Each structure stands twice: as structure tokens, then as C-alpha cells.
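Understanding the architecture of this molecule
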Amino acid sequence: MATFSESMAPVLLLCLALCLTGTWAVDRSNFKTCDQSAFCKRQRALKAGESPYRALLETMELTNTKLTLQLINDKNKVRLLLELYRLQGNMTRVKINELKPLKPRFEVPDVLIKEPSTEPMSLLSQDENGVVLSLGVESQRVILSVRPFRLDIMEGREVLMSLNSRGLLAFEHLRIRKDTFTYKVTSTVASVWDNVKRVFSSQTDGEAEKKDADPASQAEDEEEKDEDGMWEETFKTFADSKPNGPTAISLDFSLPGVEHVYGIPEHADSARLKTTDNGDPYRLHNMDVYKYELYNPMALYGSVPLIVAHSAQRTSGIFWLNAAETWVDISSNTAGKTVFGKMLDYVQGSSEIPQTDVRWISESGVIDAFILLGPRPQDVFAQYAALTGTQAFPPIFALGYHQCRWNYNDQEDVQAVDAGFDEHDIPYDFIWLDIEHADGKRYFTWDPHKFGMPKDMLQGLKDKKRKLVAIVDPHIKVDSNYKLYEEIRSRNLYVKTKDGGGDYDGWCWPGSSAYPDFTQPEMRTLWASKFAYDQYEGSEDNLYVWNDMNEPSVFNGPEITMIKDAKHGEWEHRDVHNLYGLYVQMATAEGLIQRSGGTERPFVLGRSFFAGTQRYGAIWTGDNIAEWDHLKISLPMCLSLSVAGIHFCGADIGGFFNAPSTELLVRWYQTGCYMPFFRAHAHMDTPRREPWLHGAENTALIRDIVRQRYTLLPFWYQVFYHSHTTGEPIMRMLWTEYPQESATFAIDDEFLIGRDLLVHPVTEQGATGVTAYLPGKDEIWYDFFTYKKHNGGQNLYIPVTMSSIPVFQRGGSIIPKKLRVRRSSTCMEHDPYTLYVAADLKNTAEGELYIDDGHTFKYEKKEFIHRKLSLANNVLSSVNLVPDANFSTLSWIERIVIVGTSKPSKVTLKTANGLERQLEFDFDATVSMLTLRKPGMNAGDDWTVTLQ
């Protein structure tokens, strides 16, 4: 007879799955508020005021690479060690740790791409009140004040940023629990300890400061009383044992002159962060939050602890390198002021300078903060990329259209859907398989009845130059007959229970599941090896991977994730929680690279993320709903990710849950077409929604939208390459390109792709028009489809129909397209280019053309074509940007379209070999559009076209 747990397991899993996939919205009671998170409640109870911390100048040491200094908490006499570094690239690093912790505190590994290079600091002045250090950049300096401890970073007479100016630095030191140390010792030892305490208590304050910072004495000197939640905490029925006691850290940053801050994804909220004075802070704690609510600060699937601050004068950033649960409070002295109130301040000559204050609160670890001093938006993006890396450069086919559903039923279903795209002349590159494709949710396997011949299925797609993505989740079915489960268990590489003795067991899609400890390099190496063709049976080189549920999702865990006192080697899960998804995607990407012998670029989609995830693939916004508000929120969600370095972002087209109306579906396709990751996805309980299932008229609309995406693939690829090499976002908020234009600072319902395309999606039901802001008072913008010219620096009302989406090309830009759309991107590899030249007011324009093989790492060896395209003085030219690069292409230039110019009398083409010939052309005077036909030069050659 089966045991109770065995017989009830399927029932429990079914109940959990129904809760996850039902028709209800998220149950907020399953997720903590700040008041329900003991460390957040405890830290937030501290009020701004005089800090108990002061600097001990006699301990200061200044070397060529760093300043070190001890801080002391005058209330409990605990000492901290401050380290201050000036980093290359106009950055400053501030680290604070216990001087002598009972045991090491967790410091985040593997996120920084290397140890940052330092630059020397010099001492400018010193007295009993503090020191002044030069940061060496345009009179930048840091002022360290002694009592209370405070850091001010200045440039000239301007304060750029202050640390601990509100006195909210807090550092809960490791200590021995009194009821297990002081009161459980023998009476003899207790008597001795009492004598020691009497000796210490007779010391003067000055003597106490000079004594060795012994952890035991610190614990006894501690004046604060133990509070609820310091040593154990319960949420609902889940008990967190907290064996290390209270370990929270906190620090406040003040940003004078700043009213707009962005970043700290992931939240379903506006891109501009709101003040949190009257509610919960923004929370960073990776969790599986299905059917998430909108416009609130609750945590979602991923966390990037980066805030970017922007004003018309400067852009700066704060990167808080901590992987534990973190809450971020934001306050502003201008919050709540109306426009009239601000105007009144101006008229009355108010001297109040706008200021935003940011306070970080983390449950454990150390303070490790990187201050990115800009001063331009592009500088901040480059500074953050120098720390955590740039967006991975995907193969070009990953930028095409992806068709997904939970689940395509079997191989015949996959073949039918694939054939449907051909029948309806809609291009696509990837079809996706969700969890049902595997044998009993055993990942790296295939259901023998539904997908019994996976190689045949993959070969059928390969014959059409298409690909497949299969889901591989990081929970492993507990099954002694499952080879992967047994291999990981035999190597002792699962996450452990709190006592470290047994494997942690949680519930996910397979039922009882073990969770690989991806924090261990050995586990990541093992996982990567499983993607080899001889390990992942049935796989081929056109199979790519989706890592879902990697928060990690644990259906029967607290907040649907892993209990914090689970163990990863010597560390608790609370220390590493937000890193888990990053490690899963890291190991998977490495596996796909290894299976090709290191030659092929991978494509991996993940749901959970952390700082640095951009190096490993794409992210999507999770389990959204087929509602108009979820369509709208996808823009600020991806814009927030883009500000924080994760540029390959998209949202499930149509909404994952529920059934979209046809109008919503079409509008979502139009929006998704202009986002970096372009995938349709749907829940298993929703009606099928392949693009041709909504009537002939709507099929035609969706076909046109998808084809628009494919014509623009050369431009997308170029922008991705630029992001990969510079760290600049692909999908950009307007202020990143127009940093002094205050009208752009809060806009998140439109965006730029690179610098040159502006998109304002239609996200209102029944809309007959939208109002878009066109930035740049001295610029012009061209409707991307009608070529009509509009001035920048204005709000423009644009009538729309179901077939239109407002897209504008910036005057002064050149955009490459391929107009011969085929069934997949790979089929278009050698097709010709059309150049769209949009002249500015000076009749000039610039752009780039980037070409490589589209899928390997050979570009790293300069096997590519990278050309500068420019129009000036009536001459359009193509010149090589990287003369020592070496690559050839069969593609040619078949058409050039120039808008915003005048009609020439003749057009002369001169090629690299010195040949000259006249080109045929047409001119449309109604939109000042010149079309040059059949120039025919190779896309990789030098050439000039002269307009006379």
C-alpha cells in the first residue's frame, strides 16, 4: 500500500497547479509586506537623525589603491571597516564590513566581470573633523566627516551624492545568541564571565574603543534588546530558523538636484520610480508571482539592485551589490508638489533644491556600493557595463519571431503549426515546447509517446532553416530511475536542508523535486555538460533552451520559493537567493557554447535574473494577463530592465493568462514587433491563437506586423551589436538621448530603438489616435511609413487605424532594411539591402551597417563588416569603420531611399574599383523622397553616391 504522502502527492500537486493556473489574480497574502519581513520592519523603524557611527581617523590608511578606516557604533562599540576605492571610469566603490566578524559574511561572487581597476586618490586636507580626498576628475573630491560618519562626493562646489547624510547606516553584527551562550554555560564559567564583564564595565569610553573588538564582548556590550524575528521568524506556516541571528544592513544615499530615478527591476510599475514614504518600499526578492498586480512595488521574478538618477545637469547611478532580500525606500522633497506649486516656488524664489533620497536595506551580506558618476547617460551605462558586462550578442535568428504555447501537443502538432506559417506566408524562426514535451517532467528527456522521434522533428525544422526551443527547468524530479537525479545526488550537489544533512525537497511541476546547487561551480559544470549531443538525447544544433521557474519556484515553499535557511555549502539560501536564476542561465548558456566546441552563440531565455544576467541571454516579463493594462505595463517593465543593463527583453504577446480580444492581440503584436524579444505565448487553458486563427483580415494585419520585424532585422542586429560593445540600451527611454529635455523624463509609453527609431504603441482599447511626444526642438522626425516630416520638441496627435502603429525615423539617420522577407531570418542571409536615409535640417545623415555570419563567435576575431554610412554635401558614402576586420558578404545594395532632400539633376555612383555610372532615380515631391534604383554595389565595399 502506498504511504499517505505517496498517495496524496498527485492530489497536492494538482491543487498547487490549480492555484497557480486558475482564473484568480495573485493572492497578495502569499507574499510579505515590509511589516511582515522582520529585518525590513526593524530597519525601517529607524528614523532619520544623528547616526551612532563615527569615523576613527587614527585608524586611517591611504595607499595607492584604497583608503581604509574604522567606524565605531557609539551605542554598542562595534567596529566596522570602511574601504573606499576610486575606480577607473569615474566610479567610486564603498565597502563596509565588520572589522572582526564571528565568521565571514557573504560577498557576492561571479557578478563582476573582473575586479575593477583602481586609480590613485590623494589626500587634500585633514583635521579632527574629517578628511578631503581628491578623486582626480574635474575637481571631484570626497569629504569624509567624522561625527557622525558621512561621505559627500563633490564636484567644485556642487554636492553630487551624500552617504549617510540622513544617519540611516545600520549594520547588524554577527553575535552569539544569549540563551545559547551566556545563560547555558556552567556556573563556574558564568562566574568568570561576570568578572570579565565587570572589568570591561569599569573602562572609560576611550578605553573601550581601543580594546580589541572581540565578538563575545561585543555581544555582551550590545545595548539593543532582542526583538521578534531576530533569531527566528514565521510567515504563515513557514518557520525560518535564522541560525546566524540578525544580519541586516542599511545605508542611505542623498541625491541633490534629482527628481527622477529609475531602475531596480523587476516591478510592474512605471519606469520612473515613485516615492515610498506612504507605503511599502520597492522589494527585490526573486519570486514566482503569477498574474501579478500592476502599479505597486511588490517583488517579481528578478532583481537588479541598480538605481539610475537623472536631471538635466547630470546622470549618475548606485549599484548595490547584494544578493539577499532587499528593500529600497525612495523619498523626495518635491513629492506631491503640483506643477502649480513648483511654479509658485520658482516665482517666489524658493531656495529649496530638489532632492531624492534612496535607502537600501538588505537582510544579510556586506555593504558593497558602486557610485557611478556619469555624467552623461551613456557614461553611466558604460560604467555599469564595465562592472557587470554587456548584453550578450545573440545570433540574428534569435531576433526573429518566436511562436510558443503551453504546450504544443506532440510532433504532429508542431509540424501542423510549422506548416501553418508557410500556408499563410508568415515568417518565423522558433517554435517552442513547454514542460509537457518531457517524459514526466524529467528535463533533458522527451515524452516517448508524444515526441518519440525528436531528431526527425528537429530535422524537419532545420530543412526550413528554423529552430526549436525546449524548456529545461532547474527542479529535478525525485526519482531513483531518473539518471540526472541520481547523478547530481551521487555528487552531493543538491541544495541542502538547514542542518546540511539531507537534500532540500520542494514541490514543482514534477511533484517532489530536488534543486541543484548552482552556486557550486561543479554543479554548473555538470549542468553544462548535459547539453552535449551525446548527453541530451534527441537534441540537434537547432535546439535552444528556455530556463523557467528559476527564482527558484517552490510551490510549497514560503512565498512560492525556497526557505531561507536551506544551505548552499557554507552559505544560507538567504545570502544567495537572488543569484539562483543568474547561475541557472549562466550554466545553460555555457552548455550550449560547449556543445558546439565553443564556436556557436547560444540563445537562452530565463525568467529570474540578477545583475550580470545580460551576459547570458534574454529575459521576459513573466506570467502576464490578456488585458490592456498588461500590454501597457510591458513598456515600462522592459524600459526599467534596459536602464539596468538587461536589454534583450520582451513580454508574452497576447498575454499568458486568459484570452485576448482580437483587437488586443493585434495591438500586442504591433507592440511586441518593436521590442527586442518578440514571442507570442499562451497558457494551456486558453484558446489556440496562432496568427491565422482570427479571421482573414486579422491574419493579414498580423502577417504585415511580423514582416515589418523581418525587414528591420539588419537594423536590430546592428543595434544589438552596438549594445554588446558599448553597454547602451537597445530599447531606450527618451531622456537617455535627450538628457536636457525635461519633457522626456517621465515618458514610458513610447521609446527609442537605438537612437533612430521612435515607437509609440497603441495600448488603449478602441483608440482612433494617440499623442506622441517627438523630442528635440531642433530635430525633425519622419513617419516611418508615410515619410511625412514633423518637427521635434512637440506633442503630435496621430490618427490610427487597426493597421497602423506610430513609428518615426529621426532626421539625420540611416537605417538598413531587407525588403525580401522569407520564411525565416536564415533564409534572408544573402539578400540585398535597402538603405533608408532621413536627412536632417542640414541635409546630413549618418548610420551604420554591421554584417557577420550571424551565429558564431568569429566576430570576436574581427570577422565582420562594420561600415559607416553618411550623407553630407550631397554625397552619400560608405566607408570601413574597422579596416583590419576581415569578412565578405554576398549581399548587395539594391535600393537607396532618401527623404527630406531635393530633386537632383543626376546621380552618380562611384565604386571602390573606380568605376562610375549614372543611377536611375524617382522623386516624389509630395514627401521630398528620392529613390535610387539598382545601384548594385556589394554591401561590404567602399562607394559614394553624388547628388548633382
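Remember, it's a predicted structure, so these values are computed and weren't measured experimentally.

Calculation rules
- Residues numbered from 1 in each chain as written.
- Predicted model: local features only at pLDDT ≥ 70, side-chain atom pairs only at ≥ 80, totals over all residues.
- Heavy atoms only, no water.
- Helix = DSSP H or I, 4+ residues; strand = E, 2+ residues; numbered from the N terminus.
- Rg over C-alpha atoms; globule rule 2.2 N^0.38 Å.
- Buried < 20%, exposed > 50% of the residue type's maximum accessible area, 1.4 Å probe, protein only.
- Contact = heavy atoms within 4.5 Å.
- Pairing = 2+ DSSP bridges.
- Axes fitted to C-alpha atoms, helices over the stretch in contact; angles between N-to-C directions.
- Salt bridge = Lys/Arg side-chain N within 4 Å of Asp/Glu carboxyl O.
- Disulfide = S-S within 2.5 Å.
- Arc of directions from axis to C-beta.
- pLDDT = per-residue confidence, 0-100.
- Core = buried A, V, L, I, M, F, W, Y, C linked by side-chain atoms within 4.5 Å.
- Parallel < 35°, antiparallel > 145°, perpendicular 65-115°, else oblique.
- Nonpolar A, V, L, I, M, F, W, Y, C, P; charged D, E, K, R; others polar.
- Phe/Tyr/Trp six-rings, centres within 6.5 Å; stacked < 30°, edge-to-face > 60°.
- Lys NZ or Arg CZ within 6 Å of the ring centre and 35° of its normal.

Attention now moves to the overall build of the protein chain. Of regular secondary structure, the protein chain possesses 18 helices and 53 strands. Taken over the C-alpha trace, the protein chain has a radius of gyration of 30 Å; the compact-globule value for 948 residues is 30 Å, and the two agree within 12%. Summarising its shape, the C-alpha atoms of the protein chain cover approximately 100 × 80 × 55 Å along the three principal directions. Counting the 948 residues in the protein chain, one finds 62% classified as buried. Taking contacts inside the protein chain between residues at least 6 apart in sequence as the whole, the part at least 24 apart equals 72%.

Within a beta sheet, neighbouring strands are joined by backbone hydrogen bonds and run either parallel or antiparallel to one another. A sheet is described by the order of its strands in space; here 8 strands give the open sequence S33-S32-S31-S28-S24-S23-S22-S34, paired in parallel fashion. Where the open sheet ends on each side, the last strands, each with one partner, are strand S33 (649-650) and strand S34 (678-680). Of the pairings in the sheet, the one linking strand S31 (residues 604-606) to strand S32 (residues 618-620) comprises 2 bridges and is parallel in character. Residue pairing for S32: leucine 605 is matched across the bridge by alanine 618. Across the sheet, helix H10 (residues 454-463) is in contact with strand S23 (430-433), strand S24 (467-471) and strand S28 (543-547); its angle to S24 comes to roughly 140 degrees.

Further remarks concern the side chain of serine 634. Inspection of the secondary structure assignment puts serine 634 in helix H15 (residues 628-643). Other than its neighbours up to four places away in sequence, serine 634 contacts Ala651 and Met675.

Here strand S6 (residues 122-127) pairs with strand S7 (residues 130-134) via 5 bridges, running antiparallel. When the sheet's bridge partners are listed, leucine 123 is paired in S7 with leucine 133. The hairpin formed by S6 and S7 contains 2 residues between the paired strands.

What follows concerns the pattern of salt bridges. Across all of its chains, the model carries 63 salt bridges by this definition. Two residues, aspartate 368 and arginine 93, come together in a salt bridge whose shortest N-O distance is 2.8 Å. Of the two residues, aspartate 368 sits in strand S21 (residues 367-372) while arginine 93 sits in strand S4 (residues 91-98), which places them 275 residues apart along the sequence. The class for aspartate 368 is buried, based on a relative accessible area of 5%. For glutamate 487, the salt bridge goes to arginine 491, with nearest N and O atoms at 3.3 Å. Owing to a relative accessible area of 18%, glutamate 487 belongs among the buried residues under this scheme. Residue class for arginine 491 comes out partly exposed when judged on its relative accessible area of 38%.

Our focus in this paragraph is the state of the cysteines. Per the stated rule, a full pass over the model turns up 2 disulfides. Across the disulfide from cysteine 34 sits cysteine 40; the S-S distance is 2.0 Å. Taking the sign of the torsion about the S-S bond as the criterion, the disulfide between cysteine 34 and cysteine 40, at about -100 degrees, is left-handed. An identical accessibility class is assigned to cysteine 34 and cysteine 40; each is buried. Across the disulfide, cysteine 638 is cross-linked to cysteine 649 (sulfur-sulfur distance 2.0 Å). Between cysteine 638 and cysteine 649 the sulfur-sulfur dihedral comes to about -70 degrees; the bridge is accordingly left-handed. Pair noted here: cysteine 638 is in helix H15 and cysteine 649 is in strand S33, with a separation of 11 residues, a long-range link. With a relative accessible area of 0%, cysteine 649 lands in the buried category.

Of all the residues in helix H11 (residues 483-490), the buried ones are Leu484, Tyr485, Glu487 and Ile488. Along the axis of H11, the buried residues cluster in a sector spanning 165 degrees; they form a single face. In H11, the exposed positions that point more than 90 degrees away from the buried face belong to Lys483 and Ser490. Those residues of H11 hidden inside the fold are in contact with strand S25 (476-477), strand S27 (511-514) and helix H12 (521-529).

Confidence in the prediction for the protein chain averages 92 pLDDT; 91% of positions are at 70 or higher. Averaged over each element, pLDDT in the protein chain is lowest for helix H4 (residues 187-201) (37) and highest for strand S22 (residues 401-403) (99). Note that residues 1-23 has pLDDT below 50 and, in this model, 27 contacts with residues that lie over four places away or in other chains. Counted against residues more than four places away or in other chains, residues 181-223, with its pLDDT under 50, gives 41 contacts.

Here we come to helix H16 (residues 662-672). For H16, a buried count of 9 out of 11 residues is recorded, marking the element as mostly surrounded by other parts of the structure. Those residues of H16 not exposed but buried are Leu664, Leu665, Val666, Arg667, Trp668, Tyr669, Gln670, Thr671 and Gly672. For H16, the secondary structure elements touched by its buried residues are S22, H15, S34 and helix H17 (696-711).

Bringing the nonpolar core into the picture now. Grouped together as the largest cluster of nonpolar side chains are 179 residues, with contacts concentrated most on Phe319, Leu579, Phe603 and Tyr669. Not counting residues within four places of it along the chain, the set of residues in contact with phenylalanine 603 comprises Ala398, His402, Phe430, Trp432, Val469, Tyr544, Val545, Leu592, Ala618, Phe648 and Phe677. Counting 49 residues, the second-largest nonpolar core is a separate cluster that includes Val131, Leu133, Ile264 and Ile330.

Our next topic: the packing of H17 against helix H18 (residues 713-726). At a minimum axis distance of 5 Å, the contact between H17 and H18 shows a crossing angle of 55 degrees. Taken together, H17 and H18 sit at an angle that is classed as oblique. Contacts between H17 and H18 involve Arg709, Tyr710 and Thr711 on the former and, on the latter, Leu713, Pro714 and Trp716. A per-class count over the contact of H17 with H18 returns 4 nonpolar, 1 polar and 1 charged.

Attention shifts here to the packing of aromatic side chains. Here a ring pair, both rings aromatic, is described through the centre-centre distance and the interplanar angle of the planes. Applying the stated criterion across every chain, the model contains 48 aromatic pairs. Through successive ring pairs, a cluster of aromatic residues spans Phe397, Phe430, Trp432, Tyr544, Trp546, Phe603, Trp620, Phe648, Phe677 and Phe720. Taking NZ or CZ as reference, arginine 679 lies 4.7 Å from the ring centre of tryptophan 432, over its face. Stacked on the ring of tyrosine 833, the Lys or Arg lysine 818 has its end atom at 4.8 Å from the ring centre.

Here we come to the sheet that holds strand S36 (residues 751-753). The strand order across the open sheet built from 6 strands is S35-S36-S37-S42-S39-S40, with neighbouring strands paired in antiparallel fashion. Strands with a single pairing partner mark the edges of an open sheet, and in this sheet they are strand S35 (731-732) and strand S40 (789-791). As judged from the 2 bridges shared by S35 and S36, these two strands associate in the antiparallel manner. Among the inter-strand pairings, methionine 731 is bridged to a residue of S36, identified as isoleucine 753.

If a residue is not glycine, its phi is most likely negative; likewise, a peptide bond is most likely trans. Of the consecutive residues proline 265 and glutamate 266, the connecting peptide bond is found in the cis state with omega at 25 degrees. Inspection of the secondary structure puts glutamate 266 in the loop between strand S15 (260-263) and strand S16 (282-284). Here glycine 374 and proline 375 are connected by a cis peptide whose omega angle stands at 15 degrees. As for its placement among the helices and strands, proline 375 is situated in the loop between S21 and helix H8 (377-388). In this structure, isoleucine 264 takes a positive phi of about 35 degrees despite not being glycine. Accessibility expressed as a relative area gives 0% for isoleucine 264, which makes it buried. Phi is positive for phenylalanine 444, which is not a glycine, with a value near 70 degrees.

Note that proline 832 resides in the loop between strand S43 (813-817) and strand S44 (833-838). Sequence spacing of proline 832 and phenylalanine 319 is 513 residues, and the spatial spacing of their C-alpha atoms is 44 Å. Here proline 832 is in contact with Lys817, Lys818, Arg820, Trp892 and Glu894, once residues within four sequence places are set aside.

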